[in-house]
Amino acid sequence: MSISNRFKKSIIEKSVVPNENGYVSSPYENLIEDVTMELFECDLNKGSGNELKTGKFKALYSSSALVVNSFALIKKLSAFEFLGYNNFKKISFERPFETGLPGTPPTLDFVLENKNVIICFESKYLELLERKKAHFSNSYNCNNLQYIDKFWIRLIEEYQNKESFLDVAQLIKHSLGMINKGKNKKLILIYIYWTPNNKDDFKEYQIHQEELITFSKSVRCQTDIEFVNITYTELWNLYDKTKVLAQYGNKLRERYAIEI
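How each quantity is defined
Residues numbered from 1 in each chain as written. Predicted model: local features only at pLDDT ≥ 70, side-chain atom pairs only at ≥ 80, totals over all residues. Heavy atoms only, no water. Helix = DSSP H or I, 4+ residues; strand = E, 2+ residues; numbered from the N terminus. Rg over C-alpha atoms; globule rule 2.2 N^0.38 Å. Buried < 20%, exposed > 50% of the residue type's maximum accessible area, 1.4 Å probe, protein only. Contact = heavy atoms within 4.5 Å. Areas by Shrake-Rupley, 256 points an atom, 1.4 Å probe, with all protein chains shown as cover. Lys, Arg positive; Asp, Glu negative; His and termini not counted. Charge placed at Lys NZ, Arg CZ, Asp CG, Glu CD. Polar contact = N/O pair within 3.5 Å; in protein donor to acceptor, adjacent residues only side chain to side chain. 1 Å grid on protein atoms, 1.4 Å probe; cavity = no way out; pocket = protein on both sides within 12 Å on 5 of 7 lines; lining within 4 Å. Points joined across faces, edges and corners; volume = space filled by probe spheres on them. Axes fitted to C-alpha atoms, helices over the stretch in contact; angles between N-to-C directions. Parallel < 35°, antiparallel > 145°, perpendicular 65-115°, else oblique. Left-handed = near helix turned anticlockwise from the far one by under 90°. Nonpolar A, V, L, I, M, F, W, Y, C, P; charged D, E, K, R; others polar. Phe/Tyr/Trp six-rings, centres within 6.5 Å; stacked < 30°, edge-to-face > 60°.

Student: What should I look at first to understand the overall build of the protein chain in this one?
Tutor: Helix and strand content of the protein chain: nine helices and seven strands. Over its C-alpha trace the protein chain gives a radius of gyration of 18 Å, about what one expects of a compact globule, namely 18 Å for 260 residues. When its C-alpha atoms are laid out on the principal axes, the protein chain stretches across 55 × 45 × 35 Å. Out of the 260 residues in the protein chain, the part that is buried amounts to 53%. For the protein chain, long-range pairs separated by at least 24 residues make up 71% of all intrachain contacts whose partners lie at least 6 apart in sequence. In the form shown here, the protein chain has an accessible surface area of approximately 13100 Å², with 45% of it arising from carbon and sulfur atoms. For the protein chain, the distance from the average site of its 35 positive side-chain charges to the average site of its 33 negative ones is 4 Å.

Okay, structure coming up:
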């Protein structure tokens, strides 16, 4: 049994609600208390992932459900601060950022925006347990992407066709979309990922961490975008520091903090 399937089995066994394949009967059953469909349904239906339409959202191990459960209640807050920024006027899930190239534009899982900054979250649940080959089409070149620094072209060439647990191609494409659409604003890309309580027992997480450190060092050489990585556990700990979100963090831990 692959490590990904082992994790799915553990997640399913933790709940008495789903069927044997880990699916609940409706999206409502996959939400933690106080999170309602109204907070995210419109955003997800507009997105390219089609998580609600295809039924993928009903899986207990749904990455989309993890994002929604972890961030939806922020939409209800009149004041929310993250990384020292607040007064967010736009808060949305599944927001596209066009690169100017043909094809489906990169879509960020969750976005906070005010008049000065755009903070985008790219989330990973069990996806990071499978190696991915970085692929960039021939359209990713200086002529088609004249708005970017040559650093990004060199980074694309460095990672082209390399396999890793960290989805580097996706992070680079997200960065390009943010740079293209977020002119005149501070840009912050947050890579947030889930880990089990006993993550140190698995080599996949160790290798992923090494790859993440290497990529983080690489992108420090540019000033277009700030790259930050945090785990969901660290996010829940941040919620503990805000009185109105402390209970929210506890509910998320009850649902997602497990040992495999």
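Student: Looking at this structure, I do not really get the environment of Y147. What am I missing?
Tutor: Its location among the elements puts Y147 in the loop between β4 (132–133) and α5 (150–159). Residues Y147 and E33 lie 114 residues apart in sequence; the distance between their C-alpha atoms is 44 Å. Residue contacts for Y147: discarding those within four places in its chain leaves T99, L176, I179 and N180. There is a polar contact of 2.7 Å between the side chain of Y147 and the backbone oxygen of T99.

Student: Got a minute to help me understand empty space enclosed by the protein in this structure?
Tutor: Any empty space left between atoms is shown by rolling a water-sized probe over those atoms. Taken as a whole and assessed by the stated rule, the structure comprises two cavities of 30 Å³ or more. Taken together, L44, S64, V67, V68, F93, E94 and D109 make up the full set of residues lining the largest cavity. The set of elements that each furnish at least two residues to the lining of the largest cavity consists of α4 (63–71) and β1 (90–96). Ranked by residues supplied to the lining of the largest cavity, first place goes to α4 with three residues.

Student: I keep staring at the side chain of N180 and nothing clicks. Help me out?
Tutor: With respect to the helices and strands, N180 occurs in helix α6 (residues 168–181). Setting aside residues up to four positions removed in sequence, N180 forms contacts with E98, T99, G100 and Y147.

Student: I tried to follow the packing of α4 against helix α8 (residues 232–240) on my own but got confused; where do I start?
Tutor: Each pair of packed helices can be described by the angle between their axes along with the distance between the axes. The geometry of α4 relative to α8 is characterised by a closest axis approach of 11 Å and an angle of 15 degrees between their N-to-C directions. By the angle class used here, α4 and α8 are roughly parallel. Here the hand of the crossing between α4 and α8 comes out left-handed. Note on element contacts: α8 touches α4 through Y232, L235, W236 and Y239, opposite L66, V67, S70 and F71. Class assignment for the residues of the contact of α4 with α8 results in seven nonpolar, one polar and no charged.

Student: What exactly am I supposed to notice about the packing of aromatic side chains here?
Tutor: Two aromatic rings are characterised by how far apart their centres lie and by the angle between their planes. In total, this model carries 18 aromatic pairs according to the counting rule given. Both rings, one in F40 and one in F57, keep their centres 5.3 Å apart while their planes meet at 20 degrees; by these two values the pair is stacked. Separated by 17 residues along the polypeptide, F40 in the loop between α1 (3–14) and α2 (41–46) and F57 in the loop between α3 (51–54) and α4 bring together distant segments of the chain. The two residues F40 and F57 agree in class, both being buried. Measuring from centroid to centroid gives 5.1 Å for F151 and W152, while their planes differ by 80 degrees, and the two rings are edge-to-face. Looking at F151, the relative accessible area reads 9%, which means it is buried. For W152, a relative accessible area of 0% translates into the label buried. Among the aromatic residues, those joined into a cluster by ring pairs are F71, F80, F82, F88, F93, F110 and F121.

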